[in-house]
Amino acid sequence: MSSDSSKKRKPKVIRTEGAPQESKRSRAETDQDVKYYSEEAEVEIRDPSKDYELYKQTCQELQRLMAEIQDLKSKGSKDSAVAIEERRIQSCMHFMTLKKLNRLAHIRLKKGRDQTHEAKQKVDAYHLQLQNLLYEVMHLQKEITKCLEFKSKHEEIDLVSVEEFYKEAPPEISKPDITLNEPHQQTLARLDWELEQRKRLAQKYKECLANKEKILKEIEVKKEYLSSLQPRLNSIMQASLPVQEYLFMPFDQAHKQYETARHLPPPLYVLFVQANAYGQACDKKLAVAIEGSVEEAKALYKPPEDSQDDESDSDAEEEQTTKRRRPTLGVQLDDKRKEMLKRHPLSVTVDLKCKDDSVLHLVFFYLMNLNVMTVKSKVTTAAEMTTPISAGDLLSPGTLLNCLYPGDHGKRTPNPANQFQFDKVGILTLSDYVTELGHPYVWVQKLGGLHFPKDQPQHAVSADNSLSASHMEMTMKLLRTRLQSRLALHKQFASLEHGIVPVSSECQHLFPSKVVSRVVKWAALPYEDYLELSYTKTVVEAGLAEDTHLYYTALVERGTAKLQAAVVLNPGYSSVPPVFSLCLTWKGEKTTDNDDNIRAMESEVSVCYKELCGPRPSYQLLTNQLQRLCVLLDVYLETESHDTSVEGPKEFPQEKMCLRLVRGPNRMKPFKYNHPQGFFSHR
C-alpha cells in the first residue's frame, strides 16, 4: 500500500500564512499542478465558536487517551503495546489539531489588532479634524470680538457737545438738514468742525510762540545788563566795607547771614530772627551767627525728581552690597538710631558777653526726625583763670544750664511723640546721647517757637514767632545771670580752698570786727556721699536735695571744736539760697537731733539768708553765709558755761557782747548780730 501510494504522484501543497510570495519557478515546476493553502482564508470561513468546541473535545480526547495509556502501562501485559501505540498515534493527531487551532487563534488575534489599529487611526484623524475646526471657530470668535471692540480714533477726541456744535458751527459744516437724522454724518460734521477749530488754535499758538521769543530776547538783554551791573555793585560794597566797620554797621555780613538763614529749618530760623531782633533792640553785646554746611542743607530740600537716578544707582549699589554681606540686626538698629538722631547741617550760635568780657557760647541744633532742638554751651573768659578743685562742675557744659527754669534739667525729650519713635529703634532715653547731641531743655524749644502740650491731643507742632519773642528777653537775662553767678562762685571757691572767706567791703558791716573761727576746708561732695551723711536726712526728706544740685562740704575750726557743714547749692543760685546742714564735734557729736542750738544755727544761715544777701545781685551770699557760720560758732563756744571742776583758764573766753547768754527752757543762745551796736541778741 505504501508502495502504491509512493508510485502514485500526489499534488504538492504549499502552506503559507500570508499572501503567496512570487518567486521564479523552474521550468520543471511549471509543469506540475501546484495548489496553495492559506490559513488566513480558512479563518474567514471557520466559525470561532465551533473551533472552541473542537478545542474542548480534543482536550477531553487527549485526557481520555492519556488515562488509557496510563492504565495500559500499569497493567504491563504484552498485548498492550499495540494498543498503546495506536493511542499514541491518535494522541499525536489530536496534538496536531491543537496546534492548528492555536495558529488559527493567533491569526484571529493579529487580525483583530490590525482592525483595532485601523479604527484608532480613523478616530485620530477625525479628532485632528475636530481640533482644526475648533481652532478655526476660536480664531473667528476672536476676530468677531476684535471687530466688536474696535474703537476709532475719533472716540478719544473730546468733541464739543451737540448743542454747542449746532450753535457755533456754520451751516456749511453742520448741515442740519442731513446730520440731524444720520448719526454717522453728524459725527463726520463734528470732526470737521473740530479740525477747523484746531487749525485756528494752531495759528494762534504760532503767534504766541513768536511773541514769547520776542519777550525772551528782551529778558536776555535785561539779564546781560543786570549781570554787568553785579560786578559794579560788588566793587561798591567792597569799597564801603571800611565805612561799615567804622560805623559798626556790617551790612555785607548781615546780608550773607540772611541768605544762609533761608536754608535753616523753621525752629532755628525763628530763633535766629528773634535773637537777632532782641540783640539789635535790647542787647548790643548779643552776637548771633549761623554755622554749618549750606550745601548739605540745600541737598536736603532737593525735589525727589532730581534724585531718581541717584536713588536707582544707590539701590543698585545696595543690592550689590547686600548680595556680598547681609547686615546683622544690631548693625541695622545702629543705623536706624543714627538716622533717628540726625541733626540738621546748619546750627545757630548765640554769644552772650558780660561786663568782664567773659562769653557764654551757645550752639543750637535741630534734630530733624525728632522735631526738637538741643543746645551745647561753653564759657570763655577774658583772662585765664585757675580752676579750683571744687569748681569742676560750675562751668561744666553738662551742668551749667541745668534748671535755668525750675525742673528743666534737659535729660528727657519734651516731645511726647519721641518715646514711640525710641521704642522702634531700641532707645531707652535721650539722656544717653545728650553729650553728643546737646540738652533738649524746654526753654530751648520755646526760643525756637516749639510748644508740646501734654494735657491736650498732640497735633503737628510748628514754629511760632510770638512764643519765641515772649520768652527771649527773660531767657537771655537768666542766661547772663547764670554765667555771672557761676563765675563769681568760681572766684570764691579759689579763695575758700585756701582757707580765706572773701567778704566784700559792702558786706563788712554784717559781721563783727573780730571773728576767731576759720574755714579750714572746702571741697566738693558727691551726691551719693551727701545722702549717706546722718545729719542731712531732714534736708533730703524735705526734697531740697536733688541730683541736679551741687554739693560741697566745709570744715570750720576753733580750738578743739570742729563744725562740719554740708552745703546744697541750687543751680538757681543766688535767687535760691544754699541750704546748710551742720554737725559740731566738741564734747561729743552735736546735730539738730540732739541740740536745739545747732538747729538755730542752721536757721540763722539758711532761713535768715536775706540779711546776708548784700547788694544785688547777691553773688556774695555763699561767702557771707560761711562768714556768718564762723561767727555763730564763736558765739556758741563763748556762751557755753565753764566747767568749774576743770582748773585753768576757760578754753573759749567770751569776746562777743551778748545781752543774755541763754534764754528759755531750751537754753537758746543769742545768735542775732545787731549792727551798728555790735552786740548779739535772741530773735
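Residues numbered from 1 in each chain as written. Predicted model: local features only at pLDDT ≥ 70, side-chain atom pairs only at ≥ 80, totals over all residues. Heavy atoms only, no water.

Asker: Quick one: what's the story with the overall build of the protein, residue by residue and with numbers?
Answerer: When its secondary structure is counted, the protein shows 23 helices and 14 strands. Counting every position in the protein, which comprises 683 residues, the buried fraction comes to 34%. A separation threshold of at least 6 residues defines the contact pool for the protein, and within that pool the share at least 24 residues apart is 64%. (Helix = DSSP H or I, 4+ residues; strand = E, 2+ residues; numbered from the N terminus. Buried < 20%, exposed > 50% of the residue type's maximum accessible area, 1.4 Å probe, protein only. Contact = heavy atoms within 4.5 Å.)

Asker: Outline the side chain of Asp408, listing residues and values.
Answerer: Take Asp408: it is sitting in the loop between β6 (372-380) and α16 (418-425). The charged side chain of Asp408 is buried without a salt bridge, its nearest counter-charge being Lys446 at 7.9 Å. With sequence-adjacent residues up to four places away left out, Asp408 is seen in contact with Asn402, Cys403, Tyr441, Val442 and Trp443. (Lys, Arg positive; Asp, Glu negative; His and termini not counted. Salt bridge = Lys/Arg side-chain N within 4 Å of Asp/Glu carboxyl O.)

Asker: Give a detailed account of the packing of aromatic side chains, specifying residues and quantitative values.
Answerer: With the rule as written, the count across this model stands at 9 aromatic pairs. Taking 5.3 Å as the distance between ring centres and 40° as the angle between the ring planes, the aromatic pair formed by Tyr527 and Tyr551 counts as tilted. Linking Tyr527 in helix α20 (residues 527-532) with Tyr551 in strand β8 (residues 550-558), this pair joins segments that are 24 residues apart in sequence. The exposure class of Tyr551 is buried, given its relative accessible area of 4%. Between the aromatic rings of Trp586 and Phe652, the centroid separation amounts to 5.5 Å while the plane-to-plane angle is 70°, which identifies the pairing as edge-to-face. With Trp586 in the loop between β10 (579-585) and β11 (589-590) and Phe652 in the loop between α23 (621-638) and β12 (657-658), this pair connects stretches of sequence that are 66 residues apart. No difference in accessibility class separates Trp586 from Phe652, as the two residues are buried. Sitting above the plane of the Phe365 ring, Arg343 keeps its charged end 4.1 Å from the centroid. (Phe/Tyr/Trp six-rings, centres within 6.5 Å; stacked < 30°, edge-to-face > 60°. Lys NZ or Arg CZ within 6 Å of the ring centre and 35° of its normal.)

Asker: An account of the pattern of salt bridges is needed here, citing residue identities and associated values.
Answerer: Scanning the entire structure with this criterion turns up 30 salt bridges. In this structure, Glu604 and Arg683 form a salt bridge, with 2.4 Å as the shortest nitrogen-oxygen distance. Of this pair, Glu604 sits in helix α22 (residues 596-607) while Arg683 sits in the segment after β14 (679-681), placing them 79 residues apart in sequence. Using a relative accessible area of 43% as the deciding quantity, one classes Arg683 as partly exposed. Note that Glu640 is salt-bridged to Lys669, the shortest N-O span being 2.8 Å. Taken together, the positions of Glu640 in the loop between α23 and β12 and Lys669 in the loop between β12 and β13 (672-674) put the pair 29 residues apart, joining distant regions of the chain. Like Glu640, the residue Lys669 is buried in the burial classification. One continuous salt-bridge network, built from bridges that share partners, spans Glu42, Arg46, Asp51, Lys100 and Arg108.

Asker: Describe the sheet that holds β12, naming the residues involved and giving the relevant values.
Answerer: Strands sit in the order β12-β14-β13 across an open sheet of 3 strands; the sheet is mixed. The open sheet has two edge strands, β12 and β13, and neither has a second partner. As defined by bridge partners, β13 adjoins β14 across 3 bridges and the pair is classed as antiparallel. In the sheet register, Tyr673 faces β14, and the bridge partner there is Phe680. (Pairing = 2+ DSSP bridges.)

Asker: Lay out the pairing of strand β5 (residues 359-367) with the relevant residues and their values.
Answerer: In terms of burial, β5 is a largely internal element, 7 of the 9 residues being buried. As paired strands, strand β4 (residues 346-353) and β5 are joined by 6 bridges and run antiparallel to one another. Pairing of Val348 across the sheet is with Phe364, part of β5. The antiparallel hairpin formed by β4 and β5 contains 5 residues in its connecting segment, where Asp357 sits at a positive phi of about 70°. By the bridge criterion, 9 bridges tie β5 to β6 in an arrangement that is antiparallel. Note on β6: the bridge partner recorded for Val359 is Thr380. The hairpin turn running from β5 into β6, its antiparallel successor, is 4 residues long, and Asn371 in that turn takes a positive phi close to 60°.

Asker: Can you break down the sheet that holds β4 residue by residue, with the values?
Answerer: One open sheet holds the 4 strands; their spatial order is β3-β4-β5-β6, and the pairing between them is antiparallel. Since the sheet does not close on itself, it has two edges, and those belong to β3 (286-292) and β6, each with one partner. Averaged over all pairs of adjacent strands, the angle between strand axes in this sheet comes to 20°, irrespective of strand direction. Lying over the sheet, helix α12 (residues 266-281) contacts β3, β4, β5 and β6, oriented at roughly 155° with respect to β3. (Axes fitted to C-alpha atoms, helices over the stretch in contact; angles between N-to-C directions.)

Asker: Give a description of α12 that names residues and reports values.
Answerer: The terminal C-alpha atoms of α12 lie 22 Å apart, and with 16 residues this matches the ideal 22 Å at 1.5 Å per residue to within 8%. By the burial criterion, the buried members of α12 are Pro267, Leu268, Val270, Leu271, Phe272, Gln274, Ala275, Asn276, Tyr278 and Gly279. (Expected span 1.5 Å × (residues − 1).)

Asker: Report on the nonpolar core, specifying residues and quantitative values.
Answerer: Counting residues in hydrophobic clusters, the biggest one holds 50 residues, and the most contacted among them are Phe493, Trp522 and Phe580. Sorting elements by how many residues they give to this core places α23 first, with 11 residues. By size, the runner-up hydrophobic cluster in this structure holds 47 residues, among which are Leu271, Phe272, Met373 and Leu450. (Core = buried A, V, L, I, M, F, W, Y, C linked by side-chain atoms within 4.5 Å.)

Asker: Which residues make up helix α4 (residues 48-75), and what values go with them?
Answerer: Over its 28 residues, α4 runs 41 Å from end to end, which matches the ideal 40 Å to within 8%, given 1.5 Å per residue. Of the residues trailing α4, Gly76 is marked for its positive phi of about 75°.

Asker: Kindly report on the packing of α22 against α23, identifying the contributing residues and their values.
Answerer: Across the interface, α22 lies against α23 with an axial gap of 9 Å and an inter-helix angle of 155°. Relative to α23, the element α22 is oriented roughly antiparallel. When the axes of α22 and α23 are compared, the crossing they make is right-handed. Where α22 abuts α23, its residues Asn597, Ile598, Met601, Glu604, Val605 and Ser606 lie against Gln625, Arg628, Leu629, Leu632, Leu633 and Tyr636. Across the contact of α22 with α23, the residue classes tally to 7 nonpolar, 3 polar and 2 charged. (Parallel < 35°, antiparallel > 145°, perpendicular 65-115°, else oblique. Left-handed = near helix turned anticlockwise from the far one by under 90°. Nonpolar A, V, L, I, M, F, W, Y, C, P; charged D, E, K, R; others polar.)

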